[in-house]
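Remarks on the overall topology
Chain by chain, the residues run as shown.
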Amino acid sequence: MAELDCERTDELAAAYALDALEPSEAAAVGRHLATCDRAHVEARSVVGMGALVAASSAPVEPRLELRDRVMTTVATTPQDHRATATAPVAPAPSAPARSRDWWGWLRPSLAQRLAVVAVPLAAILAVVAIGLGAQVADRDRALSEVAAVLAGGGQALRVDGTAGRGYLLRQGDQATLVAADVAAPSGSALYEMWLIPADGAPVPAGTFRPEGDDLVVARLSGSLARATVFAVTLEQQPVDAPTSNPVLTVDLTQ
Amino acid sequence: MPTGDSTVSEPEPVDRASVPSDVQLDRRLVERISEGDADALGELYDRYAALALGVAMRVVRDRDVGEDVVHDAFVSAWRRIGQFDVERGSVRSWLLTIVRNSAIDRVRARRVTIDVVEADEQALLKTGADPTPASALARLSADSLRMAMAELPAEQREAVELAYFGGHSYRRVAELQGVPVGTANGRLRLALARLQSLLRNADG
C-alpha cells in the first residue's frame, strides 16, 4: 500500500487501534506513526484502546481444572529470556567443538500446535519484497502480512527462539525462512541453517547475515524430504556441524 | 471482657501508602515471573483468568475453545515475559491483547496475528517520548470500563464490538451495519474518543 499522509493516518487511527484494518493498511499506519515527526496526538492517544475495550468484558469464571492445565504446561515450558541468558558461548574458530546431540535439547514443547497456514511461495516473496527495509514498527505487520497470503499449495510453520521469530515457508521439499528481529551478529559471525533428519545428524542448509532491522529472507539449500526439525545456530564461519545450541527451531512434522 | 490488661492495644490505622495498588501488585508479579517463579504466574492467573475468559468467549462464543485460548495466553505470557516492559504498559492490557488476538486467530483460520509482545502498542510506545493516555487509563477497573462502553451510542458500541471482538475490518463493519465505509470508520473514531472522555472522568 502507498504511504499515507498525516490526515489519512489520523482518520484510520481508531480502526488501527481496534485491529480493524487490512494488513497493508495497518502496516502503512504503523509505518507513518513510527517515522512521522508530527505529534499525531489523536492517533497516538488511541493506541492501546483495544486492550481497554477487551477489559470491559464481563468476567467468566473458568472451570477449576483450567488452572491445573496452565500450571502443568508452564512447569515444562522454558522462558525465552532465560534460555538466552543460559545459551552457551560459541567456541573460538580455531578449535571448533562438535556439539553432541544438541537436538535432544529440542523439548516436547516444540511439538505444540503452531500456526500452520497455506501460502503460495511466489506470493509470499512478492509481499516480503515490499516489507524488506521496513521500519521498526512495521516488521510485525509485514510478517503477519506474509503469513496471511494464503491460497493453498504451501505451508508456513511458525519459527520461535531466542534470536527472533518468523515463519518457515515450505513448498514441497523446498523452504524459505522469513524472520524478524534477528540480531545482526558481530564480526564475521553468521547464522547457519540446519535440516535434521529423524536419525540425527544435522545437515547444513545455508547461511545468512541479517543487516540492521531488515527482515530475513533466506532460501534453504537441500531437501526437506527426510528432515524432522529445522534449526538455526550462530557460527563464526560456515561449518559442517553445529558448534552451539540452536537459536531458532521448528518441528517439521506438524 | 476488658481486664485492664496492658498488652491489649488499639489496632494500628491502615497506612494506605503501604497497601499496594493493583498496578504495583502486577509489577511485582511480572518481576517474579521474570525470575522464573511459576507461583507468580499462578497468581496472575488468579487475578485475570476470569476476565481473560470473558474476552475469549466474546470472540469464540464457546467455553471449551475459550478456555483453550486462555490456557495458551497464559503460557505465552510465561514464555515471553522477558519481552514485556512494565514501564510501557499494564500487564492486564498485554495479557488481554494476547487473549483477543489468539481468539481471533481461532475464528479466522486464514489470518495470522503476531503475538502481542511484538504488537503495535509496544512498538509505537518505543517511538514516542511518553506512554499514551490509553496506558495511563489501563489501571481503571473493569467495572469502569464496562460502564463507559455501556454509555456509548448503540451504533458506536456495535461498531467497536464488530471490529474488536468480531475481528472485522472497518469496511466489513460498514457492510454489516449497512452504512458507508466512512460512517463506520467515523463511528469507531467517535467511540474511542468518547471512551477516552468517559474514562478520564472516571479516573478523576
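Residues numbered from 1 in each chain as written. Chains lettered and ligands numbered in written order. Predicted model: local features only at pLDDT ≥ 70, side-chain atom pairs only at ≥ 80, totals over all residues. Heavy atoms only, no water.

So, the overall build of chain A
Put simply, the test is: Going along the chain from the N terminus, every DSSP run of H or I of four or more residues is numbered as a helix, and every run of E of two or more is numbered as a strand. Exposure classes here rest on a 1.4 Å probe applied to the protein chains alone. A residue is buried below 20% of its type maximum, exposed above 50%, and partly exposed in between. The method behind every accessible area is Shrake-Rupley, applied with a 1.4 Å probe, and residues are considered shielded solely by the protein chains displayed.
In terms of helices and strands, chain A carries eight helices and eight strands. When each of the 254 residues of chain A is scored for burial, the buried share is 53%. About 10800 Å² of surface is accessible on chain A, with carbon and sulfur atoms providing 54% of the total.

A few points about the overall build of chain B
Applied cut-off: Contacts were defined at the residue level, with two residues in contact if any of their heavy atoms lie within 4.5 Å.
Scanning chain B from terminus to terminus reveals 10 helices and zero strands. Along the chain direction, N to C, the helices and strands of chain B fall in the order α-α-α-α-α-α-α-α-α-α. For chain B, restricting intrachain contacts to residue pairs at least 6 apart in sequence, the fraction spanning at least 24 positions comes to 62%. For chain B, the exposed surface amounts to about 9800 Å²; the carbon and sulfur share of it is 49%.

Details of the packing of helix H2 (residues 38–60) of chain B against helix H3 (residues 63–80) of chain B
Residue and element names in this part refer to chain B. Short version of the rule: Whenever a helix is involved, its axis is fitted only over the stretch in contact; in every case the axis is a line through C-alpha atoms, and angles between N-to-C directions fall within 0 to 180 degrees. Should an angle fall under 35 degrees it is taken as roughly parallel, and over 145 as roughly antiparallel, whereas 65 to 115 is taken as roughly perpendicular and any remaining angle as oblique. Two helices crossing with the near one rotated counterclockwise from the far one by less than a right angle form a left-handed crossing, whereas a clockwise rotation gives a right-handed crossing. Residue type decides the class: Asp, Glu, Lys and Arg count as charged, Ala, Val, Leu, Ile, Met, Phe, Trp, Tyr, Cys and Pro as nonpolar, and the leftover types, Gly among them, as polar.
Running from N to C, H2 and H3 point in directions that differ by 140 degrees, and their axes come no closer than 8 Å. Between H2 and H3, the angle falls in the class oblique. For the pair H2 and H3, the crossing hand works out as right-handed. Residue-level inspection shows Ala38, Leu41, Leu44, Tyr45, Tyr48, Ala49, Ala52, Leu53, Ala56, Met57 and Val60 of H2 in contact with H3, the latter providing Arg63, Val65, Gly66, Glu67, Val69, Val70, Phe74 and Trp78. When grouped by side-chain class, the residues that make up the contact of H2 with H3 number 16 nonpolar, one polar and two charged.

Observations regarding the pairing of strand E5 (residues 203–208) of chain A
Residue and element names in this part refer to chain A. Operational definition: Two strands make a pair as long as DSSP finds a minimum of two bridges between them.
Pairing between strand E4 (residues 190–197) and E5: four bridges, direction antiparallel. Of the residues in E5, the one forming a bridge with Leu195 is Val203. Between the antiparallel neighbours E4 and E5 lie five residues, among them Gly200 with a positive phi of about 115 degrees.

Here we look at the nonpolar core
This is how the line gets drawn: For the purposes of this section, nonpolar cores are sets of buried Ala, Val, Leu, Ile, Met, Phe, Trp, Tyr and Cys residues that join through side-chain atoms within 4.5 Å.
Counting residues in each nonpolar core, the largest one holds 79 residues, and the members touching the most others are B:Phe74 and B:Leu188. Here this core takes 13 residues from H2(B), the largest share from any one element. In this structure, B:Phe74 is in contact with A:Val70, B:Leu41, B:Leu44, B:Tyr45, B:Tyr48, B:Ala49, B:Ala52 and B:Leu95, ignoring residues within four places of it in sequence. Within the second largest apolar cluster, 24 residues are counted, among which are A:Ala163, A:Tyr191, A:Phe208 and A:Val232.

Re the packing of aromatic side chains
Defined as follows: Put simply, two rings from Phe, Tyr or Trp (the six-membered ring, in Trp's case) pair if the centres are within 6.5 Å, and we call them stacked under 30 degrees between planes, edge-to-face over 60, tilted for the rest. Only when the NZ atom of a Lys or the CZ atom of an Arg is both within 6 Å of the ring centre and within 35 degrees of the ring normal do we say a charge sits over the ring.
Overall, the coordinates contain four aromatic pairs over all chains when judged by the stated rule. Aromatic pair A:Tyr191 and A:Phe208: ring centres 5.3 Å apart, planes at 15 degrees, arrangement stacked. Of this pair, A:Tyr191 sits in strand E4 while A:Phe208 is found in strand E5, placing the two residues 17 residues apart along the sequence. For A:Phe208, a relative accessible area of 9% translates into the label buried. If you follow B:Arg58 out to its NZ or CZ, it ends over the ring of B:Phe165, 3.8 Å from the centre.

Looking at helix H5 (residues 64–75) of chain A
Residues and elements named next belong to chain A. To keep things clear, this is the line we draw: Expected helix span is computed as 1.5 Å times (number of residues minus one). Regarding the arc, it is the one traced by the directions from the helix axis to the C-beta atoms.
A rise of 1.5 Å per residue sets the reference length of H5, with its 12 residues, at 16 Å; its end C-alpha atoms lie 18 Å apart and thus fit the reference within 8%. Taken residue by residue, H5 has Leu66, Val70, Met71, Thr73 and Val74 as its buried positions. Each buried residue of H5 sits inside an arc of 160 degrees when the element is viewed along its axis, so together they form one side. Facing away from the buried side of H5 by more than 90 degrees, the exposed set consists of Leu64, Asp68, Thr72 and Ala75.

Points about the confidence of the model for chain B
All names here are of chain B. How we decide: The predictor attaches a confidence to each residue, called pLDDT, with possible values from 0 through 100.
A residue-level look at chain B finds 74% of positions with pLDDT of 70 or above and a mean pLDDT of 80. Ignoring residues within four places in sequence, the model shows residues 1–8, a span with pLDDT below 50, making zero contacts including any to other chains. Note that residues 110–132 has pLDDT below 50 and, in this model, 73 contacts with residues that lie over four places away or in other chains.

Some details on unusual backbone geometry
Residue and element names in this part refer to chain A. Of note, His40 is a non-glycine position whose phi angle comes to about 45 degrees, a positive value. By secondary structure assignment, the location of His40 is in the loop between helix H2 (23–35) and helix H3 (41–46). The class for His40 is buried, based on a relative accessible area of 6%.

Thoughts on the side chain of A:Ser45
All names here are of chain A. For the record, the criterion: Pairs of N or O atoms are called polar contacts if they sit within 3.5 Å, as long as, within protein, a hydrogen donor faces a hydrogen acceptor (for residues adjacent in sequence, only side-chain-to-side-chain pairs).
Among the structural elements, Ser45 can be located in helix H3. By relative accessible area, which is 7% here, Ser45 ends up buried. A distance of 2.8 Å separates the side chain of Ser45 from the backbone oxygen of Glu42, its partner in a polar contact.

Considerations on the pairing of strand E6 (residues 216–219) of chain A
All names here are of chain A. Every second residue of E6 is oriented toward a common face, the buried set being Val216 and Ala218 and the non-buried set Val217 and Arg219. For strand E3 (residues 174–180) and E6, the ladder comprises four bridges, and the chain directions are antiparallel. Opposite Ala179, over in E6, you have Val216 as the bridge partner.

Details of the pattern of salt bridges
Residue and element names in this part refer to chain B. Put simply, the rule reads: Salt bridges are defined by distance alone: a side-chain nitrogen of Lys or Arg within 4 Å of a carboxyl oxygen of Asp or Glu.
On inspection of all chains with the given rule, the structure shows 19 salt bridges over all chains. Asp26 is the partner of Arg47 in a salt bridge, and the nearest nitrogen-oxygen pair spans 2.8 Å. On the criterion of sequence distance, the pair formed by Arg47 in helix H2 and Asp26 in helix H1 (residues 22–34) is long-range, its members being 21 residues apart. The exposure class of Asp26 is buried, given its relative accessible area of 7%.

Quick notes on H2(B)
Residue and element names in this part refer to chain B. Taking 1.5 Å of rise per residue, 23 residues should cover 33 Å, yet H2 covers just 28 Å from first to last C-alpha, more than 12% shy of that figure. Two to three positions downstream of the cap, the backbone nitrogen of Asp39 sits 2.9 Å from a side-chain oxygen, assigning the N-cap of H2 to Asp37. Arg61 sits one or two residues past H2 and shows a positive phi near 55 degrees.

Considerations on the environment of A:Ala28
Checked against the element boundaries, A:Ala28 lands in helix H2. By relative accessible area, which is 0% here, A:Ala28 ends up buried.

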